[in-house]
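Coordinate inspection notes
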Amino acid sequence: MASHAIEIRNLYKIFGARGADHVEAVRAGMSKTELNATHNHVLGLKDINISMPAGGVMVVMGLSGSGKSTLIRHINRLIEPTSGEVLYDGVDICRMSELDLREFRRHKTAMVFQKFALLPHRTILENTCYGLEIQGVPGMERRRRAMEWIERVGLSGFENRYPNQLSGGMQQRVGLARALTNDAEILLMDEAYSALDPLIRVDMQTVLLDLQKELKKTVVFITHDLDEALRLGDKIAILRDGEVIQQGSGQDIVRYPADAYIAAFVKEVNRGRVLRVETVMTPLSGPVEGPAIPAGTVLEAAARDLSSAGASVAHVVDPAGLPLGRLDLHALVGAMVTESTEAREAAA
Amino acid sequence: MALCDALPTLLCKFPAIDDGTIRVVRKTIDESFKALVRSYANVIDVVVAPLQWFLNLLERSFTGAPWILVLAILLAFVFAASRSWRITLGAAVAMLAIGLLGLWNDTMITLAIVTVSTLLAVLIGIPIGIVMARSDRAQRIVNPVLDVMQTMPSFVYLIPVVMIFGIGKVPGLIAVVIYAVPPMIRLTNLGIRLVDKEVLEAADAFGSSPWQKLKNVQIPLALPTIMAGINQTIMMALAMVVVASMVGVGGLGRNVLQAINNQFFTIGFLNGFALVGIAIIFDRASQAYGRRLQKHSEVVHG
């Protein structure tokens, strides 16, 4: 089952009794504050255009109130858009009938929630089965499939406990197992790890990355944590006040923050552990020199390799061992410690 | 009335509608209501027939069966609900005391009518509560009706009940149900409305139909509150069977009524305590059952 890309086009959401009446005004440039003051409507999302990669992890990042949770709820239409399109496999989700939408939710999407949202009166197994039960899959079959995922997320032996008997981290594993058991093409994760403590969060990120290598679902992941975004995201969109202010790869966002707001975020990032060698390498000129460093290595690891080899120049190779570019220590260290001039100016 | 001398009569003596007009209005309403009841007498008989049949059946089996069998079934029921030996033992002591005081038969009659009216109240109350929880408009309409039902003195609505259904067990039963159903409706509504929004959203996200959501999420999560409603309904039904004895319901209530009329202090209190005894049995058993339903929410992990 191949996952498709999700295309969000010109999406607006205005909360309030007559939201649709104000789309034009917002399009013409009315600000969030103005809309609230003069019409008592709240601007949730403004002209969102994102193309979410098929089979990849799309991270939507923003602080609270930025509209990220509103945005993810448009993909399975838990929130009705005011105007715009959300396309999956050529179909506009916003125009689906109630029955089509229910089928879409049952078979194409699965969601993981920040506060887990498990059914407290059902055991872990019964919770994990929930999606299949709704789909009408027979009891034995759904039990078998649910047990498989309970095992995969490391909860074997807990299947007959109740959610309240588990810790937060374990409850979220149930949330993940419940979503994965659905075997849907789209996995929606709404601040799924935000309620977990840092070590467990990293642990759960690893679980997701490992599973994603094999599952290749189209994942939409919401977070307010840039480190999490950089670790998970094939593509990242940053939201503020309901608008996308930058989207691109994590490498792009760290190296070329679009404005002061993002630069302020990025400043705290450990660049040596985020930026990869192919981002700072220069085109090959002349002979291949120094140790070979595989593409995808982060700068810190590359610097370690260079210093232990006592070299000042290395070359980057692809998985097949073919040289891709030249890496010199000067550029490497420069990229690790300094921000680009524009960013520093922007931040000031 | 010095003050009245200074004021026009209109402001001093309340300008009531004159007696003649009120009499005409009263007569018209009473007579048209009676005529309405008369013309639907057959329909009413057919409608209440199953109630009559069920009530009689239960009453006959409660009073007709050997007391030891009834007691055993009652205690088994109490134990099944509460899983507590203490409550079961208390119920046994209370029932034996009632029997020793010669009130066994009357108690059985009262139990029968309380059982039927509670079942009826649950059957009526839960669906109305569900409708109320799903629609704010339904809530706006039903709430004032419930307010009236709960504050209107029960003697007042005995009047139309007697006019429509006559004197007897079934009118008494209907009066009890009217009195006992509001907490069932209110608490069903409240329970469903209090269900965690996040969990509901999750149910939606997995594509639940409205029926699946009701069956899998709303009712189970509202169940403790609904159980509290059933508990309240039983208590109110027990309180109302005394009043309903005025329209012909037998049992402990009738004894109390006779005691009031004849100033039989001891008989009055003995019957009163028998009612209290049954009330406590039902209350403890249903509350223990309600607590057992919530066992899953005990936090074992810190």
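Calculation criteria
Residues numbered from 1 in each chain as written. Chains lettered and ligands numbered in written order. Predicted model: local features only at pLDDT ≥ 70, side-chain atom pairs only at ≥ 80, totals over all residues. UniProt positions renumbered as here; feature names shortened; annotations may be inferred. Contact = placed C-beta atoms within 7 Å. Helix = DSSP H or I, 4+ residues; strand = E, 2+ residues; numbered from the N terminus. Nonpolar A, V, L, I, M, F, W, Y, C, P; charged D, E, K, R; others polar. Expected span 1.5 Å × (residues − 1). Buried ≥ 20, exposed ≤ 12 C-beta atoms within 10 Å, placed from the backbone. Arc of directions from axis to C-beta. Pairing = 2+ DSSP bridges. Right-handed = clockwise from strand over helix to strand, strands pointing away.

As annotated in an unreviewed UniProt entry, chain B carries the name ABC transporter permease and is attributed to Xaviernesmea rhizosphaerae. What the UniProt record of chain B gives under Sequence similarities (unreviewed entry) is the line "Belongs to the binding-protein-dependent transport system permease family." Taken directly from UniProt, the Subcellular location (unreviewed entry) text for chain B runs: "Cell membrane".

As annotated in an unreviewed UniProt entry, chain A is Quaternary amine transport ATP-binding protein from Xaviernesmea rhizosphaerae. The heading Subcellular location (unreviewed entry) in the UniProt record of chain A holds the text "Cell inner membrane".

1. A short note on the interface of chain B and chain A
Counting residues at the interface gives 20 residues for chain B, matched by 21 residues for chain A. When residues of the side of chain B that touches chain A are traced back to their parent elements, those giving at least two are α11 (197-205) and α12 (210-244) of chain B. Examining the composition of the side of chain B that touches chain A, we find that 6 residues originate from one element, α11 of chain B, more than from any other. For the side of chain B that touches chain A, the class distribution of residues is 9 nonpolar, 7 polar and 4 charged.

2. Side note on the UniProt feature "domain: ABC transporter" (unreviewed entry) in chain A
Following the UniProt record, the feature "domain: ABC transporter" (unreviewed entry) maps to residues 30-266 of chain A here. Its end C-alpha atoms 29 Å apart, residues 30-266 of chain A is made of 43% helix and 22% strand.

3. So, the UniProt feature "domain: ABC transmembrane type-1" (unreviewed entry) in chain B
Per the UniProt record, the feature "domain: ABC transmembrane type-1" (unreviewed entry) sits at residues 107-286 of chain B. The distance from the first to the last C-alpha atom of residues 107-286 of chain B is 19 Å, and the span holds 88% helix and 0% strand.

4. Some points on the environment of N10 of chain A
Residues and elements named next belong to chain A. Residue position: N10 is located in strand β1 (residues 6-15). Distance from N10 to V202, taken between C-alpha atoms, is 34 Å for residues 192 residues apart in sequence. Apart from residues lying up to four places away in sequence, N10 is in contact with D47, N49, G84 and E85.

5. A look at helix α5 (residues 67-82) of chain B
Residues spaced three or four apart along an α-helix point in a common direction, a consequence of the helix completing one turn every 3.6 residues. Residue and element names in this part refer to chain B. When the terminal C-alpha atoms of α5 are compared, their 22 Å separation across 16 residues agrees well with the 22 Å that a helix rising 1.5 Å per residue should span. Where α5 is concerned, the buried positions are V70, V78 and S82. Looking down the long axis of α5, one finds its buried residues gathered within 85 degrees of arc, a one-sided arrangement. With respect to the buried face of α5, the exposed residues turned more than 90 degrees away are I68, L69, A72, I73, A76 and A80. Looking one or two places after α5, you find R83, whose phi comes out positive at around 50 degrees.

6. Describing the pairing of strand β7 (residues 186-190) of chain A
Residues and elements named next belong to chain A. A large share of β7 lies buried, amounting to 5 of its 5 residues. A two-sided burial pattern is seen for β7, the buried positions comprising I186, L188 and D190 on one face and L187 and M189 on the other. One ladder, built from 4 bridges, connects strand β6 (residues 109-112) with β7; its direction is parallel. In the strand pairing of β7, A110 is matched with L187. Taken together, the 5 bridges between β7 and strand β8 (residues 218-223) define a ladder with parallel strand orientation. Bridged to L187 within β8 is V219. For the crossover that starts at β7, traverses helix α9 (residues 198-215) and ends in the parallel β8, the hand is right-handed.

7. Details of the environment of A263 of chain A
Residues and elements named next belong to chain A. Within the fold, A263 resides in helix α12 (residues 260-267). Taking the number of C-beta atoms within 10 Å as the measure of exposure, A263 has 21 and is therefore buried. In sequence terms A263 and A17 are 246 residues apart; their C-alpha atoms lie 37 Å from each other.

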